[in-house]
Amino acid sequence: MTIFEKIVAREIPAKIVWQDEDVIAFHDVNPGAPVHVLVVPKRVIPRIAESTAADQALLGKLLLTTRIVAEKLDLLTSGYRVVINNGPDAGESVPHLHVHVLGKRKLGWPPG
Ligand code: 5GP
């Protein structure tokens, strides 16, 4: 079980921002910005590179959920960044697809 599956199963705690039957969004335990939320599908896809056409609706829902998170946490005016890390060079550390939503500070570009 990935750490995120344990959060979905409520076996370990998380500060949940939003959830429905398909996705859950919760605050990152080690935030990289004043707002740092992870949007996670409840069904495990290990990483974006392993998604298939069968995941199309779920992938769309993940992105739409970032907008819900942004609205709930007052990021729509100030702006925010949506990030997916895929594989070693990107620093992926949990093999359960997740979309980072970062905001409430000026974010550098390109990322480090
Ligand atoms: P990645 O590096 O794979 O793109 O992102 C994984 C993220 O999950 C990291 O930002 C890390 O801080 C976060 N994370 C790891 N374990 C936990 C946990 O148990 N709870 C929460 N809320 N976040 C976690």
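Higher on the page you've got the structure.
This section reports on the structure supplied with the text. What you are looking at is a predicted structure, and each value in this text was computed from that prediction instead of being measured.

Rules used throughout
Residues numbered from 1 in each chain as written. Predicted model: local features only at pLDDT ≥ 70, side-chain atom pairs only at ≥ 80, totals over all residues. Heavy atoms only, no water. Patch = residues over 30% accessible without salt bridge, like charges linked within 9 Å, V, L, I, M, F, W, Y side chains within 5 Å. Areas by Shrake-Rupley, 256 points an atom, 1.4 Å probe, with all protein chains shown as cover. Salt bridge = Lys/Arg side-chain N within 4 Å of Asp/Glu carboxyl O. Helix = DSSP H or I, 4+ residues; strand = E, 2+ residues; numbered from the N terminus. Core = buried A, V, L, I, M, F, W, Y, C linked by side-chain atoms within 4.5 Å. Buried < 20%, exposed > 50% of the residue type's maximum accessible area, 1.4 Å probe, protein only. Contact = heavy atoms within 4.5 Å. Near = heavy atom within 4 Å. Polar contact = N/O pair within 3.5 Å; in protein donor to acceptor, adjacent residues only side chain to side chain. 1 Å grid on protein atoms, 1.4 Å probe; cavity = no way out; pocket = protein on both sides within 12 Å on 5 of 7 lines; lining within 4 Å. Sits in = over half its atoms within 2 Å of the grid points. Nonpolar A, V, L, I, M, F, W, Y, C, P; charged D, E, K, R; others polar.

**Describing a nonpolar patch on the surface**
Thought 1: A contiguous nonpolar patch, built from Leu 63, Leu 76, Tyr 80 and Val 82 and spanning about 320 Å² of accessible area, is present on the exposed surface.
Thought 2: Looking at the secondary structure, you find Val 82 in strand S4 (residues 80–83).

**What about the nonpolar core?**
Thought 1: If you look at the biggest cluster of nonpolar residues, it comprises 16 residues, and the most contacted ones within it are Ala 25, Val 37, Val 39, Leu 62, Val 69 and Val 101.
Thought 2: Within the residue set of this core, elements represented by two or more residues are strand S2 (23–27), strand S3 (35–41), helix H2 (56–72) and strand S5 (99–103).
Thought 3: Of the residues forming this core, the biggest block, 5 residues, is contributed by H2.
Thought 4: Not counting the four nearest positions on each side in its chain, Val 101 is found in contact with Val 35, His 36, Val 37, Val 39, Thr 66, Val 69, Leu 75, Tyr 80 and Arg 81.

**As for the site of the ligand**
Thought 1: For the ligand, the set of nearby residues contains 17 residues, the closest of which are Asp 28, Asn 85, Ser 93, His 98 and His 100.
Thought 2: Residue Asn 85 places a side-chain N or O atom 2.9 Å away from an oxygen atom belonging to the ligand.
Thought 3: Contact between the ligand and Gly 91: an oxygen atom at 2.9 Å from a main-chain N or O atom of the residue.
Thought 4: Burial of the ligand by the surrounding chains reaches 82%, relative to a free accessible area of 520 Å².
Thought 5: Placement of the ligand is best described as lying within the largest pocket.
Thought 6: If one sorts the elements of the shell around the ligand by residue count, helix H1 (residues 3–8) sits on top with 3 residues.
Thought 7: Partitioning the shell around the ligand into residue classes produces 7 nonpolar, 8 polar and 2 charged.

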